[in-house]
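The residues making up each chain are set out below.
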Amino acid sequence: METIYTVEWMKQVARQARVEARLVGLVPTMGALHEGHLSLVRAAQKQCSPVVVSIFVNPAQFGPKEDLEKYPRQLEADREVLEKLGVDYLFAPTVAEMYPHGFRTYVSVEGMSSVLEGRSRPGHFRGVTTVVLKLFEIVQPHFAYFGRKDAQQARILRQMTADLNLDTEAVVCPIVREPDGLALSSRNAYLNPDERRAATVLHRALRAAEKKIAAGERDTLHLLAAMRKLLDAEPLASVDYVEIVDADTLEPVTR
């Protein structure tokens, strides 16, 4: 596996792969890799060669009071994991490489970026779409792989690729969960044992709604109330939002 640190060299490698008519796959990450990330790598390897994994903690998607400084960074450990998996290229640019002095162009998917997570984290999705578009331009992948855990992000990125007529197809892969239902996340490392146990309330709330739907409930007010009841009963949980929306438009639905 070759580790690439500069935009120019990554672009040259990508151009050569295209000249050779090879299918390029990209797995964009912020590092601190876990099995969820690795499932994306394996999905990419089934379709593509070469596969590029990017590791870049993107400052543009962090708000002023968020965890940019303490976000887990473990490049050497991640590199070893990717090497064992047989990844072809690791792209690990610096912030200065991705956002050189004078950078001032950002990309925003209007409407979809200001609801749900976007309402709780203003500017977050502008940072995500900007860095992903830059990665698409640098790596020129035929396919890019994202997890369904970040459902709103995946929908926004698919909208961006369609609106801007990009040659990259965003492939959305299943969520990987712990046995107790907690979705794998690099930020789970922040949790102490009590918080880790409490975090399962997210999955339990979703399953409660799922069971009610299976039993015939269609009124979203009743479904939201069932989820809220479980979440509010967990002392360590602080709720940003609980909503039921159309998977395509991200607009609220009543049934």
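Residues numbered from 1 in each chain as written. Predicted model: local features only at pLDDT ≥ 70, side-chain atom pairs only at ≥ 80, totals over all residues. Heavy atoms only, no water.

Engineer: Just give me the short version of helix α2 (residues 35-47), but keep the residues and values in it.
Structural biologist: For α2, which comprises 13 residues, the first-to-last C-alpha distance of 19 Å matches the rise-based estimate of 18 Å (1.5 Å per residue) to within 8%. For α2, the full list of buried residues reads Gly 36, His 37, Leu 38, Leu 40, Val 41 and Ala 44. Packing partners of the buried residues in α2 comprise β2 (25-29), β3 (51-55), α3 (75-85), β5 (143-147) and β6 (169-173). (Helix = DSSP H or I, 4+ residues; strand = E, 2+ residues; numbered from the N terminus. Expected span 1.5 Å × (residues − 1). Buried < 20%, exposed > 50% of the residue type's maximum accessible area, 1.4 Å probe, protein only. Contact = heavy atoms within 4.5 Å.)

Engineer: Break down the pattern of salt bridges for me, citing the residues and quoting the values.
Structural biologist: Inspection of every chain in the model, using the stated rule, returns 12 salt bridges. With its nearest N and O atoms 2.6 Å apart, the salt bridge here joins Glu 66 to Arg 121. Highlighted residues: Glu 66 in the loop between β3 and α3 and Arg 121 in the loop between α5 (117-120) and α6 (124-139), separated in sequence by 55 residues. According to the relative accessible area criterion, Arg 121 is buried, its value standing at 15%. When the shortest N-O distance is used, the salt bridge between Arg 196 and Asp 180 registers 3.0 Å. Pair noted here: Arg 196 is in helix α8 (residues 193-198) and Asp 180 is in the loop between β6 and α8, with a separation of 16 residues, a long-range link. When salt bridges that share partners are traced, they join Glu 66, Glu 117 and Arg 121 into one network. (Salt bridge = Lys/Arg side-chain N within 4 Å of Asp/Glu carboxyl O.)

Engineer: Which residues make up the sheet that holds β6, and what values go with them?
Structural biologist: Working definition: the strands of a sheet are paired by backbone hydrogen bonds and lie parallel or antiparallel to each other. In space, the 6 strands of this open sheet follow the order β1-β4-β3-β2-β5-β6, with parallel pairing throughout. Each edge of the sheet is formed by a strand with only one pairing partner; in this case those strands are β1 (2-4) and β6. Across the sheet, the mean angle from the axis of one strand to that of its neighbour is 25°, orientation sign disregarded. Helix-sheet contacts for α3 involve β1, β3 and β4 (89-91), and the interaxial angle to β3 is about 165°. (Pairing = 2+ DSSP bridges. Axes fitted to C-alpha atoms, helices over the stretch in contact; angles between N-to-C directions.)

Engineer: Quick rundown of the environment of Met 30? Include the residues and the values.
Structural biologist: As for its placement among the helices and strands, Met 30 is situated in the loop between β2 and α2. A C-alpha to C-alpha distance of 37 Å links Met 30 and Arg 255, two positions 225 residues apart in sequence. Dropping the residues within four chain positions of it, Met 30 is found in contact with Ile 55, Phe 56, Val 57, Asn 58, Gln 61, Phe 62, Tyr 71 and Pro 72.

Engineer: Describe the side chain of Thr 130, with residues and values.
Structural biologist: Considering the arrangement of structural elements, one finds Thr 130 in helix α6. Judged by relative accessible area, Thr 130 falls into the buried class, the value being 2%. Other than its neighbours up to four places away in sequence, Thr 130 contacts Tyr 99, Phe 103, Thr 105, Tyr 106 and Val 107.

Geometric values such as these leave the question of function open.
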